[in-house]
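The residues making up each chain are set out below.
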Amino acid sequence: MMDPNCIFCKICAGEIPSQKVYEDEDLLAFRDINPQAPVHVLVVPKSHFATLAEMDAAQAELLKKCFVRIPHIAQAAGLKDGYRLIINQGKDAGQTVFHLHIHLLGGAPMGEKML
Ligand code: AMP
Ligand code: ZN
């Protein structure tokens, strides 16, 4: 499933370039264009859904695969000492791209930030 107006669908399709960290048939991981930590990677299921509320059963399986592969993705991104995962959902969370994605943040201690 692809949304022709979605920037992350276009990145998954190779229509917009990205700095890829990892890719397989189910997901793509690439560097965030506006990093909020020394290492900031987005893990994106290739099937389009905007939020967890819109996810179907097959997409839930894809999301599970994303989490299963995150330790490998973190290693591939050079994260040796831990990382933080964030999924923004909707307006109050500041979600700007409505194709579900997991932020993978690390590369330095995150002492003064939320959580
Ligand atoms: P969110 O606020 O959770 O929706 O996060 C969207 C993220 O996508 C932001 O951190 C943006 O910097 C990032 N982003 C937007 N466009 C691109 C792009 N073309 N390549 C990489 N990251 C992007
Ligand atoms: Zn999309």
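Using the criterion set out here, one finds 6 salt bridges in the structure. Here E23 ties to K46 by a salt bridge, and the two come within 2.8 Å at their closest N and O atoms. Of this pair, E23 sits in strand β1 (residues 20-23) while K46 sits in the loop between β3 (39-45) and α2 (57-76), and the two are 23 residues apart along the sequence. Using a relative accessible area of 37% as the deciding quantity, one classes E23 as partly exposed. One salt bridge in this structure joins R69 and D26, with 3.2 Å as the shortest N-O distance. Separated by 43 residues along the polypeptide, R69 in helix α2 and D26 in the loop between β1 and β2 (27-31) bring together distant segments of the chain. When its relative accessible area of 23% is taken as the criterion, R69 is described as partly exposed. Each of the salt bridges in this network shares a partner with another, and the network as a whole consists of D24, D26, K65 and R69.

Another point: α2. In this model α2 runs 28 Å from its N-terminal to its C-terminal C-alpha over 20 residues, within 8% of the 28 Å that 1.5 Å per residue would give. At I70, α2 shows its largest bend, some 45°, and a proline, P71, comes one to four positions later. Residues Q59, L62, L63, C66, I70, I73 and A74 constitute the buried set of α2. Those residues of α2 hidden inside the fold are in contact with β1, β2, β3, β4 (83-86) and β5 (102-106). With a side-chain oxygen lying 3.1 Å from the backbone nitrogen of A58, the N-terminal cap of α2 falls on D56.

Turning our attention to the sheet that holds β5. In space, the 5 strands of this open sheet follow the order β1-β2-β3-β5-β4, with antiparallel pairing throughout. Of all the strands in the sheet, just β1 and β4 have a single pairing partner and so form its edges. When strand polarity is set aside, the average angle formed by the axes of neighbouring strands in this sheet is 20°. When β1 meets β2, the two strands line up antiparallel, connected through 3 bridges.

Around ligand 1, the surrounding shell holds 16 residues, and the nearest of these are D32, N88, T96, H101 and H103. D32 has a polar side-chain atom sitting 2.5 Å from an oxygen atom of ligand 1. A distance of 2.9 Å separates an oxygen atom of ligand 1 from a polar atom in the backbone of V97. If ligand 1 stood free it would expose 510 Å²; the protein chains cover 84% of that surface. Taken atom by atom, the bulk of ligand 1 overlaps the largest pocket. Elements that contribute at least two residues to the shell around ligand 1 include exactly α1 (7-12) and β2. Considering each element in turn, the shell around ligand 1 owes the most residues, 3 residues, to α1.

Thresholds applied
- Residues numbered from 1 in each chain as written.
- Chains lettered and ligands numbered in written order.
- Predicted model: local features only at pLDDT ≥ 70, side-chain atom pairs only at ≥ 80, totals over all residues.
- Heavy atoms only, no water.
- Salt bridge = Lys/Arg side-chain N within 4 Å of Asp/Glu carboxyl O.
- Helix = DSSP H or I, 4+ residues; strand = E, 2+ residues; numbered from the N terminus.
- Buried < 20%, exposed > 50% of the residue type's maximum accessible area, 1.4 Å probe, protein only.
- Expected span 1.5 Å × (residues − 1).
- Bend = angle between axes of the 7 residues up to and from the residue.
- Contact = heavy atoms within 4.5 Å.
- Polar contact = N/O pair within 3.5 Å; in protein donor to acceptor, adjacent residues only side chain to side chain.
- Pairing = 2+ DSSP bridges.
- Axes fitted to C-alpha atoms, helices over the stretch in contact; angles between N-to-C directions.
- Near = heavy atom within 4 Å.
- Areas by Shrake-Rupley, 256 points an atom, 1.4 Å probe, with all protein chains shown as cover.
- 1 Å grid on protein atoms, 1.4 Å probe; cavity = no way out; pocket = protein on both sides within 12 Å on 5 of 7 lines; lining within 4 Å.
- Sits in = over half its atoms within 2 Å of the grid points.

Just geometry here; none of it tells us what the structure is for.
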